[in-house]
Amino acid sequence: VLNVTVAGRVASWSPSADMASGDTEQKSCAEVNAGYVGQIDITCFFGVLSQNPSGCQAKPCLTGDVVSLSLDGQTQNVALSSDITSGLTGTLDCSAVNADYSGSVLLACIQGQVTSHNTGGCLSNCPTSLGLSLSLGDLSATVNPSSVMQSGTSEYNRECSEINDGFNGSYTLTCTDGTLSATLACTQLSCGSQTAPVSITVGGTDGSVSIDETVASGSTVDTLCEEVNSKYTGLVTLSCSKGLLSLNAQDCGVLPCEPWHFVIGTVHGVSGLITPTEQIPVGSTGIGECGAANIEYSGDVELACNEGQLEVLDTSSCRLTCSSYGSSASVTIDEGQYTVSPAQRIPHGGTGVQQCGEAAYGYGGEIQLSCDNGVLSVEGVDCHPEWCDPTLPVAATLGGVEGTTTPLERIESGATGLADCSELNDAYTGTLNVSCYAAELTVLSVDTCMRKCPAFMSVDVRLGIDLEAWLLPEGSITGETIEWNCSEISSDFVGNSTMICWNGTLQVDTSGCECLEQRCHESTCLWPLETDVQLGSAVGKVTSEALYILMGDNWTSTCEDTIAGYDGDLLVWCMDGVLSADPSGCSPRPCTPGVANLSIDLGGASLSVTPESDLQSGDDFDLQCASIHAGYVGNVTVTCSFGNLTADVQACEMTTTATSSTTSSTGTETTLTGTGTSITTSITT
């Protein structure tokens, strides 16, 4: 027998059968102590029993165990919703005891029995029947929860319009242990385009006024009286209160006539729109401009304003203006008579100006003008001749070329200046003189313009008997002196010669050249180099541009250059200081067909003759006078003299049947046969 103890409770226990040493049996803890659960281990060891009660635990309060609880006068048998360990506490919803409460009841469990409970955690709910009075603006309202509210919960975003429909926003309703409270976030409604208009009466006319802008509650806004009655002006003041518009004040009066109002008026047969120059009160008079109806007139039109409407009273004060296209006056400028018109329209009795240059070209300044009922008068003249600007062109002819040039700088009127020759003709350089008067240029002279020498222009230069063609270097400037070495012309000379372009001609100076050879100084023909040459009865001179010619040197010259009418070449040479010429190579020039031509006049008729073949100088032929004029008889003698034809008509006599009548045969060519010579003639009678 073994006394088994569980939490102070003792019970005896004997094995139901013999136990071998080391065997173990179990006994329910509840059999020893009803407040415990689990098993006690009993072991036999060498005939002695021992116990181990560590498997015994205090009995818990189990789910489903029923406990009787009371809350706010209500008692309920409530089953536990969860296990509660012995010695600890658990909870139970307050609503399980009393439906009007929320929260938890605190329960204490000892060895499987609920020994106590605490309802301090139970808070009263707020039912839908519970109301809360709220004030918003000038209104109050009672609000209720939309559903049962447990303590500590809130209903959010409830519309402020529930309390006062003049407010927007929201409020929050909160339940605390059966008591309602509210947090408001409400503002008064503003007024705007969506707000209903206000009905008002202006000057007997009914209408409604609305607004387009947004106006806060408690504020006012102004609108125009003429929106209701177009004949009235002023302001209607509206008030906004909680989203509703109402009339606050009205200050409307009959509309005056404004400068932008108009009336159709007629001035001297022409109609147009006339507006007041300034506001005209109702029942008063004012003025408009005559030119608004008829631009040709100026002055004032008398207007009246009746009930906001304009009326033309009188146009008799309108007078003609002076226009740029219809008015003119005579003006004297620099002793010249001109016609002037105003630059802009001048009203009657007014003044204006016109630029002098509009009346007389080339003059600056202004002409003062006045207008009297359409009559233009000159009041003053302040005109002066203008200068000539560098862009002003002037025409001239230079070297046969017509062109224009401009001054190099601005020239005062009455003064002279310079212009560029190359602008007239690019073959020239230098400047020419021009005069200026009243913005007009005149070329005084082109004599100062110098013709340019074209690039690579050449000139023949002779030293002794040597002749060299010198070329003008490219880029040379007119008037620029260019030096050449004399030895480039003749190896007999040293020193420098110069070349200059002057007015399109190359001029050479060889005075700086010196001959080194002895023969230059012995029996040399010195400058001036010339000698007489006789050809027939004519005497001419042969000349050379050289400073001297060495003895024994010679050259040829054309016979024509010495005596006109001779062909061939002269041989010229220097011997013992004497220049001589041999004319044996010269012969009189014959009359060549087509080159030698002669027009013979006889009795008002003419005949052009030319040899059919070469006619030697001194030879002649006869031509019948009748071939020139049918009223003549006899022969004309035609003679060739040094390439020119002459005619002797003294042997021609008029026939007895000749009359003074003239016949014409123009452009007829006839071949005539003179004495020994055939010629072609063209007869004009």
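Structural notes, computed from the coordinates.

## With respect to the state of the cysteines
For the structure shown, the criterion picks out 18 disulfides. Through a disulfide, C559 is tied to C586; the S-S separation comes to 1.8 Å. Looking down the S-S bond of the C559 and C586 bridge, the torsion is -85°, so its handedness is left-handed. Remark: C586 occurs in strand β56 (residues 586–588) and C559 occurs in helix α4 (residues 559–562); sequence separation between them is 27 residues. With respect to class, C559 is no different from C586; both count as buried.

## Notes on the sheet that holds strand β23 (residues 244–254)
Strand order in the open sheet made by the three strands is β21-β22-β23, with antiparallel pairing throughout. Every interior strand has two partners, whereas the edge strands, β21 (220–224) and β23, have only one. Going from strand to strand, the sheet's axes swing by 20° on average, the running direction of each strand aside.

## With respect to the pattern of salt bridges
This structure, assessed with the given rule, holds nine salt bridges. Between R158 and E155 there is a salt bridge, with its nearest N and O atoms 2.7 Å apart. Under the relative-accessibility criterion, E155 is labelled buried at 12%. With a closest N to O distance of 2.5 Å, R589 and E560 form a salt bridge. Here R589 is found in the loop between β56 and β57 (598–602), whereas its partner E560 is found in helix α4, with 29 residues between them in sequence. Among the charged side chains, a network of salt bridges with common partners joins E155, R158 and E162.

## A short note on the sheet that holds strand β61 (residues 635–641)
Ordered by their spatial adjacency, three strands build an open sheet running β59-β61-β62, and the pairing between neighbours is antiparallel. Only two strands of the sheet have a single partner each, and these edge strands are β59 (620–624) and β62 (644–648). Here the strands of the sheet are splayed against their neighbours by 25° on average, with no regard to which way each runs. Two strands pair when backbone bridges link them, and β59 and β61 are joined in this way by five bridges, in the antiparallel orientation. The residue bridging D622 from the neighbouring strand is T637, located in β61.

Each value, and the rule that gives it
- Residues numbered from 1 in each chain as written.
- Predicted model: local features only at pLDDT ≥ 70, side-chain atom pairs only at ≥ 80, totals over all residues.
- Heavy atoms only, no water.
- Disulfide = S-S within 2.5 Å.
- Helix = DSSP H or I, 4+ residues; strand = E, 2+ residues; numbered from the N terminus.
- Buried < 20%, exposed > 50% of the residue type's maximum accessible area, 1.4 Å probe, protein only.
- Pairing = 2+ DSSP bridges.
- Axes fitted to C-alpha atoms, helices over the stretch in contact; angles between N-to-C directions.
- Salt bridge = Lys/Arg side-chain N within 4 Å of Asp/Glu carboxyl O.

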